[in-house]
Amino acid sequence: MKVYVSVDMEGVTGLTDPEEMRAGGRGYERGCELMTADANAVVQGAFDAGARAVRVNDAHGSTKNLRIDLLDPRATLVRGPGKPLRMGQGLDGTYAAACFAGYHARAGVRHGVLNHTWMGKEIQNVRLNGEVCGETRLVAAFAGSLGVPVALVTGDEAACEEARELLGDVETVAVKTGVDRFSAELLPPVVAQARIRGAAARALGRLGDFRPYAVEPPYTLGVEWNSTAIAAGCALIPGVRATGPRETEFTTGDFGQIMSLFGVFAMVGGQIACGSGIYG
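Not measured: the values here are computed from a predicted model.

About the cut-offs
- Residues numbered from 1 in each chain as written.
- Predicted model: local features only at pLDDT ≥ 70, side-chain atom pairs only at ≥ 80, totals over all residues.
- Heavy atoms only, no water.
- Buried < 20%, exposed > 50% of the residue type's maximum accessible area, 1.4 Å probe, protein only.
- Helix = DSSP H or I, 4+ residues; strand = E, 2+ residues; numbered from the N terminus.
- Axes fitted to C-alpha atoms, helices over the stretch in contact; angles between N-to-C directions.
- Left-handed = near helix turned anticlockwise from the far one by under 90°.
- Contact = heavy atoms within 4.5 Å.
- Phe/Tyr/Trp six-rings, centres within 6.5 Å; stacked < 30°, edge-to-face > 60°.
- Lys NZ or Arg CZ within 6 Å of the ring centre and 35° of its normal.
- Expected span 1.5 Å × (residues − 1).
- Arc of directions from axis to C-beta.
- Salt bridge = Lys/Arg side-chain N within 4 Å of Asp/Glu carboxyl O.
- Core = buried A, V, L, I, M, F, W, Y, C linked by side-chain atoms within 4.5 Å.
- Polar contact = N/O pair within 3.5 Å; in protein donor to acceptor, adjacent residues only side chain to side chain.

Caption draft 1: Highlighting helix α2 (residues 135-145). Most of α2 sits out of view: 10 of its 11 residues are buried. Remark: Gly147 follows α2 within two positions and exhibits a positive phi of approximately 85 degrees.

Caption draft 2: Expanded view of unusual backbone geometry. Residues Pro217 and Pro218 are joined by a peptide bond in cis, for which omega reads 0 degrees. Looking at the secondary structure, you find Pro218 in the loop between α4 (189-205) and β10 (219-225). With phi around 50 degrees, Arg86 is a residue other than glycine that occupies positive phi space.

Caption draft 3: Summary view of the packing of helix α1 (residues 28-48) against α4. Look at α1 against α4: their axes get within 7 Å of each other, and the N-to-C directions meet at 35 degrees. α1 and α4 meet at a crossing whose hand is right-handed. Touching Leu34, Ala37, Asp38, Ala41, Val42, Gln44, Gly45, Ala46 and Asp48 of α1 are Pro189, Gln193, Ile196, Arg197, Ala200, Ala201 and Leu204, all from α4.

Caption draft 4: Examining the packing of aromatic side chains more closely. All chains considered together, the criterion is met by seven aromatic pairs. When the ring of Trp118 is compared with that of Phe262, the centres are 4.5 Å apart and the planes differ by 25 degrees; the resulting orientation is stacked. Placement of the pair is Trp118 in the loop between β4 (97-103) and β5 (123-128) and Phe262 in helix α6 (residues 255-274), with a sequence separation of 144 residues. Taking relative accessible area as the criterion, Trp118 reaches 13% and is therefore assigned buried. Take Phe262: its relative accessible area is 0%, and that puts it in the buried class. Here the aromatic rings of Phe262 and Phe265 are separated by 6.1 Å at their centres, their planes lie at 90 degrees, and the arrangement is edge-to-face. Of the two residues, Phe262 and Phe265 are both situated in helix α6; the distance of three residues between them amounts to about one turn of the helix. The same class applies to Phe262 and to Phe265, which are both buried. Taken together through their ring pairs, the aromatic side chains of Trp118, Trp225, Phe262 and Phe265 make up a single cluster. We note Lys2 situated over the ring of Tyr95; from NZ or CZ to the ring centre the distance is 4.4 Å.

Caption draft 5: α4, seen in detail. Its 17 residues place the ends of α4 24 Å apart at the C-alpha level, agreeing with the 24 Å of an ideal helix rising 1.5 Å per residue. The set of residues buried in α4 consists of Ala192, Gln193, Ile196, Ala199, Ala200, Ala203 and Leu204. In a view along the axis of α4, the buried residues occupy a sector of 125 degrees, so they form one face of it. Structural note: α4 exposes Val190 and Gly205 on the side pointing more than 90 degrees away from its buried face. Buried positions along α4 lie against β1 (2-7), α1, β4, β7 (150-156) and β8 (171-180).

Caption draft 6: Focus on the pattern of salt bridges. Inspection of the entire model under this criterion finds 17 salt bridges. The partner of Asp69 in a salt bridge is Arg67, with the nearest N and O atoms 2.7 Å apart. Across the salt bridge formed by Glu249 and Arg241, the nearest N and O atoms sit 2.9 Å from each other. On the basis of relative accessibility, which here comes to 35%, the residue Arg241 falls in the partly exposed class. Within the structure, one salt-bridge network assembled from shared partners comprises Asp169, Glu171, Arg202, Arg206 and Asp209.

Caption draft 7: Broad picture of the nonpolar core. Counting residues in each nonpolar core, the largest one holds 44 residues, and the members touching the most others are Leu221, Trp225, Phe255, Phe262 and Phe265. Of all the secondary-structure elements, those providing two or more residues to this core are β4, β5, α2, β7, β10, α5 (228-234) and α6. Excluding residues within four positions of it along the chain, Phe262 makes contact with Trp118, Ile123, Val126, Leu138 and Leu221. With 40 residues, the next largest nonpolar core counts Ala97, Ala151, Ala200 and Phe210 among its residues.

Caption draft 8: Focus on the side chain of Thr252. Position of Thr252 relative to the elements: it lies in strand β12 (residues 247-252). Given the relative accessible area of 8%, Thr252 is considered buried. Only 2.5 Å separates the side chain of Thr252 from the side chain of Gln257, close enough to count as a polar contact. Setting aside residues up to four positions removed in sequence, Thr252 forms contacts with Pro218, Tyr219, Gln257 and Ile258.

Pasting the structure below:
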């Protein structure tokens with residue numbers, strides 16, 4: 001049994017401050033350690049359940065956050081920028097299951113710790129085939145297009161609720177409960193990581209209960225941006241069309257293209273927003 005683990009950072013045990021997720025920020029190095037510990041808990045649970053191989057993908061920001069020197073030596077790590085499939089890099093149809101660790105609620109979800117969708121402030125909403133979605137749905141849909149089910153989601157309570165609404169009886173572990181976007185009631189790491197390890201083992205022990213999350217092609221990705229400038233810039237990308245002053249759409253039969261497009265969106269949108277001063 002091969003298991004794939006995509007690890008984001010906002011839903012990691014103990015973290016609530018954006019500084020803890022940015023290289024050079026206050027608490028970032030400790031944040032990387034906590035992120036690696038959550039990943040290790042999934043890896044350990046997977047091997048407890050009989051996995052023969054586990055691939056871990058660093059899915060946050062620079063994708064240079066997980067500490068390879070602290071990673072369970074039985075796993076391998078996909079790390080570094082330039083990954084075309086971003087949060088789903090390294091996943092293919094040979095995997096028995098995908099697990100999402102450190103995930104967060106989509107943009108605008110009340111009590112969602114550090115809630116956003118793909119970008120911190122540039123994106124208001126994302127829609128997949130007309131339905132509002134966050135990163136859990138996007139990556140689950142990519143996995144589903146490859147025939148791979150999602151077995152486990154860990155993060156804050158709002159992210160876990162989102163995952164259960166989307167995926168049904170998936171195993172979840174809430175490592176914190178949001179008070180507001182930047183505050184939460186936290187579980188101690190030793191408690192949270194023990195729960196993650198146990199949930200990973202349970203999930204992989206009942207793989208027959210899970211089905212790939214299926215979205216019927218063609219896939220239409222709609223993005224509502226926070227500025228007309230970003231929307232106009234992204235509409236210059238071949239295949240992307242403007243559908244409103246702040247909205248763009250892209251349609252394809254290959255879900256991998258949607259995952260890749262978000263990387264281009266991040267570059268274009270981030271440059272426009274960061275280079276436009278207070279009006280960006």
